[in-house]
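# An overview of the molecular structure
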Amino acid sequence: MSLLEVKNVTKRFQGLVANDSVSFTMEEGEIVSLIGPNGAGKTTLFNCIAGYHPVDSGEVLFRGTRITNLRPSAICRAGLARTFQLVKVFTALTTLENVMVGALLHTRDTRTAVKEAFAVLELTGLAPKACFPAAALTIADRKRLEVARALATRPKLLLLDEVMAGLNSSETKEAVDLVRRINGQGVTLLIVEHVMEAIMPISHRILVLDGGQKIAEGSPEVIGNDERVIQAYLGEKYRAKHHRPAG
Ligand SMILES: Nc1ncnc2c1ncn2[C@@H]1O[C@H](COP(=O)(O)OP(=O)(O)OP(=O)(O)O)[C@@H](O)[C@H]1O
Ligand SMILES: [Mg+2]
């Protein structure tokens, strides 16, 4: 049984088909990236999977159970967590308290929540800033906090929406290391990202959306050489930089 099965998911906004009968599966332990141009429907697909948008048709199965159109909190409790492209940290709370919000999804005991939140802060490198007000964190740290809060819900599958956007190269490297550490702890990841240099080396598989449709799926090598993907998204610059002629 696949960990996640997305079957013919369609989502319309009035006349616009943001997701057009999208299907794919994810196996436990994988890192899969979801790429495509702005407006391709990546965030919409996250919203459909995680229960933030009702789908028009199609279904989503998580660990073999239909989760289509369940409430986000129920889906999160089942082990599927996500981050938001526009970070949603609680600025009036400290870093630690933000992460506790995630942990409190599965425990009512505050001491347990503190303990679990600290473990996640250690993993994400935010422990030295545990008592900072979240409002004082840099963008890079806020993105990490967004990941930390989602991790504290103890997901089996984590959806990351552009957690590397706007980071400098050393922050991006740290974010990639964090993705590897999270995956090393047994968490399966679906990652939306535009930073190809960061995701190509860590992805087991890549899905490509364009105009709401899945136009390609395969290993990073296959996707990097796919003519349709180069035309729709990666561009000629990418080809020139990465393509090695045979022989
Ligand atoms: N709540 C909404 N109401 C109406 N239209 C929407 C809504 N959310 C998204 N859309 C539209 O659906 C399409 C897909 O948007 P989406 O945000 O999923 O793209 P994306 O692939 O995440 O793009 P980006 O890379 O810029 O984040 C766009 O045309 C967008 O304007
Ligand atoms: Mg998006």
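In this text the structure is predicted, and so the values were computed from the model without any measurement. (Residues numbered from 1 in each chain as written. Chains lettered and ligands numbered in written order. Predicted model: local features only at pLDDT ≥ 70, side-chain atom pairs only at ≥ 80, totals over all residues. Heavy atoms only, no water.)

Bringing the overall build of the protein chain into the picture now. Secondary structure summary: the protein chain contains nine helices and 10 strands in total. Relative to the 2.2 N^0.38 estimate, which gives 18 Å for 247 residues, the radius of gyration of the protein chain is 18 Å and therefore close to what a compact globule would have. The C-alpha extent of the protein chain, read off along each of the three principal axes, is 55 × 40 × 35 Å. Taken over 247 residues, the protein chain has a buried fraction of 52%. Within the protein chain, counting contacts between residues at least 6 apart in sequence, those at least 24 apart form 64% of the total. For the protein chain, the accessible area works out to roughly 11600 Å², and carbon and sulfur atoms hold 52% of it. Side chains of the protein chain give 30 positive and 26 negative charges; the mean places of these two sets differ by 5 Å. (Helix = DSSP H or I, 4+ residues; strand = E, 2+ residues; numbered from the N terminus. Rg over C-alpha atoms; globule rule 2.2 N^0.38 Å. Buried < 20%, exposed > 50% of the residue type's maximum accessible area, 1.4 Å probe, protein only. Contact = heavy atoms within 4.5 Å. Areas by Shrake-Rupley, 256 points an atom, 1.4 Å probe, with all protein chains shown as cover. Lys, Arg positive; Asp, Glu negative; His and termini not counted. Charge placed at Lys NZ, Arg CZ, Asp CG, Glu CD.)

Across soluble globular proteins, nonpolar side chains have a tendency to be buried as a group. Counting 54 residues, the largest nonpolar core has I35, L158 and I182 as the members making the most contacts within it. Among the elements that make up this core, the one with the highest residue count is helix α5 (residues 139–151) (six residues). In contact with I182, not counting residues within four places along its chain, are L123, V147, L151, L158, V187 and L189. Within the second largest apolar cluster, 26 residues are counted, among which are F24, F46, V55 and L190. (Core = buried A, V, L, I, M, F, W, Y, C linked by side-chain atoms within 4.5 Å.)

The next subject is helix α9 (residues 227–242). Taking 1.5 Å of rise per residue, the 16 residues of α9 would be expected to cover 22 Å, yet its terminal C-alpha atoms sit only 13 Å apart, more than 12% below that figure. Approximately 115° is the largest bend angle found in α9, and it occurs at L234. All of the buried residues along α9 are V229, I230, Y233, L234 and Y238. Tucked into the core, α9 has its buried residues touching β3 (31–35), α7 (196–199), β9 (205–210), β10 (213–218) and α8 (220–224). (Expected span 1.5 Å × (residues − 1). Bend = angle between axes of the 7 residues up to and from the residue.)

What follows deals with the environment of E174. Looking at the element boundaries, E174 is found in helix α6 (residues 169–184). We classify E174 as partly exposed; its relative accessible area is 44%. With 17 residues separating them in the primary sequence, E174 and I191 have C-alpha atoms 15 Å apart.

Of all residues adjacent to ligand 1, which total 14 residues, the nearest are G39, K42, T43, T44 and Q85. Separating an oxygen atom of ligand 1 from a side-chain N or O atom of N38 is a distance of 2.9 Å. Residue T44 places a side-chain N or O atom 2.6 Å away from an oxygen atom belonging to ligand 1. Taking 640 Å² as the accessible area of ligand 1 by itself, protein coverage stands at 64%. Elements supplying a minimum of two residues to the shell around ligand 1: β2 (16–26) and α1 (42–49). Its residues assigned to classes, the shell around ligand 1 comprises five nonpolar, seven polar and two charged. (Near = heavy atom within 4 Å. Polar contact = N/O pair within 3.5 Å; in protein donor to acceptor, adjacent residues only side chain to side chain. Nonpolar A, V, L, I, M, F, W, Y, C, P; charged D, E, K, R; others polar.)

Quick look at the coordination of the magnesium ion (ligand 2) now. Listed as protein donors to the magnesium ion (ligand 2) are T43 (OG1) and Q85 (OE1); their distances from the metal cover 2.0 to 2.2 Å. Of this pair, T43 sits in helix α1 while Q85 sits in the loop between β6 (80–82) and α3 (95–103), and the two are 42 residues apart along the sequence. By relative accessible area, which is 25% here, T43 ends up partly exposed. Here Q85 falls in the partly exposed class, since its relative accessible area comes to 34%. (Donors = N, O, S within 2.8 Å, 3.2 Å for Na, K, Ca; no water.)

Structurally, S203 is set in the loop between α7 and β9. A distance of 2.7 Å separates a polar atom in the side chain of S203 from a polar atom in the side chain of S33. Within the local environment of S203, its side chain forms a polar contact with the backbone oxygen of I199, the two atoms lying 2.7 Å apart.

All right, on to the pairing of β9 then. Among the six residues that make up β9, five are buried, leaving the element largely enclosed by the rest of the structure. Here four bridges tie β3 to β9, and the two strands are oriented parallel to one another. When the bridges of β9 are listed, V32 appears paired with R205. Examined bridge by bridge, β9 and β10 share five bridges and lie antiparallel to one another. When the bridges of β10 are listed, D210 appears paired with Q213. (Pairing = 2+ DSSP bridges.)

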